[in-house]
Amino acid sequence: MFLPERTDIVESILDNCLQVWSVTPSFAPLAEVIQRDSQAIRAQIQSSQATPRASSNPDRIRALIVQYAVEHAALPIGWRHFNLFREAETVQVILEDTFGVRPGMEEDEILIPHQDSALLIIVKCLFAKHRKSDDGSGINAFLQILCNASDADRPAQDRTMRIKTMIWFVYLVIEIVTVERHVCLRGLEYLRIKFRRLLDCVVEGTIIDEGSRKPGFENGMWEESLFGWLQGEDRKRFVLKLRRQFNLENNPEHANRCLLAEHRRCVFEQVLEKFC
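Cut-offs and rules
- Residues numbered from 1 in each chain as written.
- Predicted model: local features only at pLDDT ≥ 70, side-chain atom pairs only at ≥ 80, totals over all residues.
- Heavy atoms only, no water.
- Helix = DSSP H or I, 4+ residues; strand = E, 2+ residues; numbered from the N terminus.
- Buried < 20%, exposed > 50% of the residue type's maximum accessible area, 1.4 Å probe, protein only.
- Areas by Shrake-Rupley, 256 points an atom, 1.4 Å probe, with all protein chains shown as cover.
- Core = buried A, V, L, I, M, F, W, Y, C linked by side-chain atoms within 4.5 Å.
- Contact = heavy atoms within 4.5 Å.
- Disulfide = S-S within 2.5 Å.
- Phe/Tyr/Trp six-rings, centres within 6.5 Å; stacked < 30°, edge-to-face > 60°.

Asker: Would you mind going over the overall build of the protein chain with me for this structure?
Answerer: Regarding its fold elements, the protein chain presents 14 helices and two strands. When the 276 residues of the protein chain are sorted by exposure, 46% land in the buried category. About 14400 Å² of surface is accessible on the protein chain, with carbon and sulfur atoms providing 49% of the total.

This is the structure in structure tokens:
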């Protein structure tokens, strides 16, 4: 059971989130989750608190509420959430070629797959371990991006870069497991090595053997995958920038822009868990 003062803190934060999200149209789906699942949220907060001190930590409570709301709001992932380095046209074409489109009256809709699973992985791997040093700006940036907030509420560039980088990383890892099913039997270390190798092949231009009619890397297995559509001289600059964002060498610079080792490992683990 919550002590009275800790119950008051939880109720106050729940009320505050509900009030703020209710008056912001782009955040309305999150407000609906709080209204619908308030009892479940309280129970989750209670079960997650190891000590009375942790239970009365407002930042921790708010992080749990936000995480629950985002996980259960079914927020859509669209092609603009992949848009990095002001390469909108390049990104759009890559995703159209990979996933296909649904014709629309004003514009075609790119059919982004696995949205629910990808969202859960991103939320878990970015925010599951709430740090004392985190002022909440990362969580706010994530909500603003996924809820398509107005330009006036646009988050800081470094936070935006990390979140969109995470989206790319998650979808590339999912692509490996869905194309090469025996990855599930070989485990995390194989998946990690395969990710690096495929990214190198994209840069080297060997996913698709464009110089002959011979199949490309691994007998052409990856030609119709997201890795295959990333290949090309006109896309190489984008891929090189994206690889730097993945931070595979664990460069400590630009910590809020790039992924950290813990982010990458979490994504590998979660993809194996959800897709195997």
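Asker: What is the right way to read the nonpolar core from this model?
Answerer: Considering soluble globular proteins, one finds that nonpolar side chains tend to be buried as a cluster. Grouped together as the largest cluster of nonpolar side chains are 86 residues, with contacts concentrated most on Phe-142, Trp-168 and Phe-195. The element contributing the most residues to this core is helix H8 (residues 157-179), with 13 residues. Beyond its immediate chain neighbours, meaning those up to four positions away, Phe-195 contacts Phe-169, Leu-172, Val-173, Ile-176, Phe-227, Phe-246, Leu-248 and Phe-268.

Asker: Sorry, what's going on with the state of the cysteines here?
Answerer: A covalent bond between the sulfur atoms of two cysteines is referred to as a disulfide. Evaluation of the coordinates by the stated rule reveals two disulfides. A sulfur-sulfur separation of 2.1 Å characterises the disulfide bridge that pairs Cys-125 with Cys-266. One disulfide, between Cys-125 and Cys-266, carries an S-S torsion of -80° and so falls in the left-handed class. With a gap of 141 residues between them, Cys-125 in helix H6 (residues 115-127) and Cys-266 in helix H14 (residues 261-275) connect regions that are remote in the sequence. Both residues of the pair, Cys-125 and Cys-266, count as buried. Counting only the cysteines that take part in disulfides, in the order they occur along the protein chain, gives the pairing 1-3, 2-4.

Asker: Would you mind going over the packing of aromatic side chains with me for this structure?
Answerer: Both the distance between ring centres and the angle between the ring planes are used here to describe each pair of aromatic rings. If you walk through the whole model with that rule in mind, you get twelve aromatic pairs. Summarising the aromatic geometry, the rings of Phe-169 and Phe-246 are spaced 5.2 Å apart at their centres and angled 70° between planes, so their arrangement reads as edge-to-face. Of the two residues, Phe-169 sits in helix H8 while Phe-246 sits in helix H13 (residues 233-246), which places them 77 residues apart along the sequence. Just as Phe-169 is buried, Phe-246 falls in that class too. In this structure an aromatic cluster arises from ring pairing among Phe-82, Phe-85, Phe-99, Trp-168, Tyr-171 and Phe-238.

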